[in-house]
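Fold and contact review
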Amino acid sequence: MNTHIYDAIVIGAGGMGSATAYQLAKSGADVLVLEQFQRGHTFGSSHGETRIIRFFYDKAFYTELMKTAYAEWRALESASGKSLLFITGSVGIGAKGNPYGRAARESLDVAGVESEWWDAAELAERFPQFRVTNDMDILWQKDTGFLRAAECVSTHLQLAEQHGATVREETAVTNIDWQADVPTVQTEDGQFHGKKVVVTAGAWAGTLLAELDLPLTVTKQQVCYYQPADIERFQPDRFPVFTESTPEGEFIYGIPAFGRNGLKIARHGRGQIISADTPERTPDADYIAHIDAYVQERMPELGKTTHTEVCLYTETPDEDFIIDAHPHCPNVLIAAGFSGHGFKFCALVGRIMSELVRKGETGFDIQPFRIDREHQISSGIPRLSS
Ligand SMILES: Cc1cc2nc3c(=O)[nH]c(=O)nc-3n(C[C@H](O)[C@H](O)[C@H](O)COP(=O)(O)OP(=O)(O)OC[C@H]3O[C@@H](n4cnc5c(N)ncnc54)[C@H](O)[C@@H]3O)c2cc1C
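Here's what I pulled together on the structure shown here. Being a predicted model, the structure only gives us computed values, none of them experimental.

**Concerning the environment of leucine 84**
Here leucine 84 is to be found in the loop between helix 2 (60-80) and strand 4 (85-87). On the accessibility criterion, leucine 84 (0% relative accessible area) is buried. Put simply, leucine 84 and cysteine 152 are 68 residues apart on the chain and 6.5 Å apart in space, counted from C-alpha to C-alpha. Leucine 84 has contacts with Leu76, Glu77, Phe146, Leu147, Arg148, Glu151, Cys152 and Thr155, leaving out every residue within four places of it along the chain.

As structure tokens, then:
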């Protein structure tokens with residue numbers, strides 16, 4: 001029988017779990033990470049080459065947290081000796097006076113982060129790859145960029161192991177006994193005990209914490225890649241991250257060519273509701289045609305989609321995260337519901353979870369992420385989040 005008691009057991013080795021394991025192990029904790037698949041798998045939310053990192057949000061508390069999140073990513077680069085965060089700047093495209101652009105600008109102004117309005121002529125001068133019309137506003141923000149997503153996860157895990165954490169792959173947690181004297185985690189390979197248990201289970205969090213009936217919805221998300229003939233014009237040193245809120249209420253985003261698949265373009269929004277265990281991972285032809293049509297109008301030289309990927313969002317009704325203790329057991333801590341915009345926060349969430357495990361509190365403002373908050377129904381307006 002396994003009688004060892006870990007300081008912390010982290011369930012899930014995705015973006016949030018890997019960062020939490022690193023921060024805990026770095027601080028000297030005895031950490032066990034349990035991951036149901038192999039590390040780097042593609043069934044959850046953190047795979048693929050890139051994720052956008054940016055300051056602008058329509059809620060000021062996110063912009064404020066991003067100040068530390070950027071610093072944590074840079075600290076990870078220093079600790080690992082790897083380049084993980086690339087700054088490209090971003091253009092936010094929308095109809096003149098569009099509410100998304102205004103809200104983004106306001107959040108930046110409040111936080112003291114510089115940004116500029118451009119018109120179509122200025123965009124054409126800086127980035128002639130775009131075709132826009134004179135009735136559009138362009139918001140330029142120089143600090144936006146992208147993270148090497150899969151590399152960030154593997155780096156956090158590697159460093160966690162270097163600091164003594166144990167990572168067990170292909171070990172699915174089937175139950176958390178939080179009523180036991182020491183929280184006990186059940187797996188097909190036996191049970192493990194931890195003074196604290198951290199649940200960073202992504203799209204599976206709702207099932208694992210079924211007793212809490214968390215308001216989490218898992219949706220299928222699809223991304224399209226492009227490899228234009230002159231791909232040099234779309235490299236990160238010549239092309240920015242972009243976002244566009246369309247008059248139809250859609251929110252489209254794109255990341256410059258990086259890695260083997262080229263430029264990534266996708267729609268951020270509520271996708272088809274599915275179960276995290278749905279094996280079907282085929283992109284929809286209609287969706288690809290829709291993104292191709294958008295690209296044809298906005299960046300015609302990109303041509304047509306050459307590759308696609310499917311990924312999962314785990315959404316809360318108000319699209320804000322859940323970061324809190326289990327309401328019935330302070331020794332079980334939860335980080336879930338990252339609603340399609342969490343990756344940029346992973347390094348910071350790792351630090352917050354580590355503080356919650358070790359000290360029972362954190363100096364960061366996690367009030368908006370309380371589990372018992374009133375879950376406001378989303379306005380249906382695509383937030384500037386991805
Ligand atoms: C297409 C797409 C684009 C995105 N773009 C952006 C972006 O540009 N910028 C941004 O900031 N965010 C973005 N996001 C959101 C971001 O990627 C997610 O918020 C983040 O990756 C969530 O990380 P996670 O650790 O919660 O989930 P995951 O990375 O899925 O990790 C959860 C892990 O827990 C494991 N697990 C679950 N249950 C168990 C169990 N019972 N036992 C053991 N292990 C278990 C899973 O196998 C998985 O490895 C995007 C997401 C998608 C899908």
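Picking up after the structure, the text goes on.
**A few points about the site of the ligand**
Taken together, 35 residues lie around the ligand, and Glu35, His41, Ser46, Ile52 and Cys311 are the ones closest in. Note that an oxygen atom of the ligand is positioned 2.6 Å from one of the side-chain N or O atoms of glutamate 35. Contact with the protein chains removes 97% of the 1,000 Å² of surface that the ligand exposes when unbound. Of all the secondary structure elements, the ones that give two or more residues to the shell around the ligand are helix 1 (15-26), strand 3 (50-53) and strand 18 (307-315). The element that contributes the greatest number of residues to the shell around the ligand is strand 18, accounting for three residues.

**Things to note about the nonpolar core**
Ranked by internal contacts, the top residues of the largest apolar core, which has 58 residues, are Val31, Trp73, Ile323, Phe343, Phe345, Val349 and Met353. Put simply, the parts of the chain that give this core at least two residues each are strand 1 (5-11), helix 1, strand 2 (31-34), helix 2, helix 3 (99-111), helix 5 (149-162), strand 20 (329-336) and helix 8 (346-359). Examining the composition of this core, we find that eight residues originate from one element, helix 8, more than from any other. Other than its neighbours up to four places away in sequence, valine 349 contacts Met16, Thr20, Ile323, Ala335 and Phe338. Val132, Ile138, Ala257 and Ala266 belong to the second largest nonpolar core, which has 36 residues in total.

**Describing the pairing of strand 3**
A two-sided burial pattern is seen for strand 3, the buried positions comprising Thr50 and Ile52 on one face and Arg51 and Ile53 on the other. Sheet topology places strand 3 next to strand 8 (residues 145-148); four bridges connect them, and they run antiparallel. Bridge pairing in strand 8 links arginine 51 to leucine 147.

**Topic: the pairing of strand 16 (residues 263-268)**
Counted residue by residue, strand 16 has five buried out of six residues, so it is predominantly covered. Inspection of the sheet shows strand 13 (residues 217-226) paired to strand 16 by four bridges, in the antiparallel sense. Looking at strand 16, one finds that tyrosine 226 is bridged to leucine 263. In the sheet, strand 15 (residues 251-255) pairs with strand 16 via five bridges, with the strands oriented antiparallel. Residue pairing for strand 16: isoleucine 252 is matched across the bridge by arginine 267.

**Some thoughts on the pattern of salt bridges**
Taken as a whole, this structure holds 23 salt bridges when the rule is applied. Between glutamate 49 and arginine 260 there is a salt bridge, with the nearest N and O atoms lying 3.8 Å from each other. On the criterion of sequence distance, the pair formed by glutamate 49 in the loop between strand 2 and strand 3 and arginine 260 in the loop between strand 15 and strand 16 is long-range, its members being 211 residues apart. When the shortest N-O distance is used, the salt bridge between aspartate 284 and lysine 220 registers 3.5 Å. With aspartate 284 in the loop between strand 17 (272-273) and helix 7 (285-298) and lysine 220 in strand 13, this pair connects stretches of sequence that are 64 residues apart. What you see here is one network of salt bridges that share partners, running through Arg39, Glu161 and Glu169.

Parameters and conventions
- Residues numbered from 1 in each chain as written.
- Predicted model: local features only at pLDDT ≥ 70, side-chain atom pairs only at ≥ 80, totals over all residues.
- Heavy atoms only, no water.
- Helix = DSSP H or I, 4+ residues; strand = E, 2+ residues; numbered from the N terminus.
- Buried < 20%, exposed > 50% of the residue type's maximum accessible area, 1.4 Å probe, protein only.
- Contact = heavy atoms within 4.5 Å.
- Near = heavy atom within 4 Å.
- Polar contact = N/O pair within 3.5 Å; in protein donor to acceptor, adjacent residues only side chain to side chain.
- Areas by Shrake-Rupley, 256 points an atom, 1.4 Å probe, with all protein chains shown as cover.
- Core = buried A, V, L, I, M, F, W, Y, C linked by side-chain atoms within 4.5 Å.
- Pairing = 2+ DSSP bridges.
- Salt bridge = Lys/Arg side-chain N within 4 Å of Asp/Glu carboxyl O.

That's the geometry; what it means functionally is another story.
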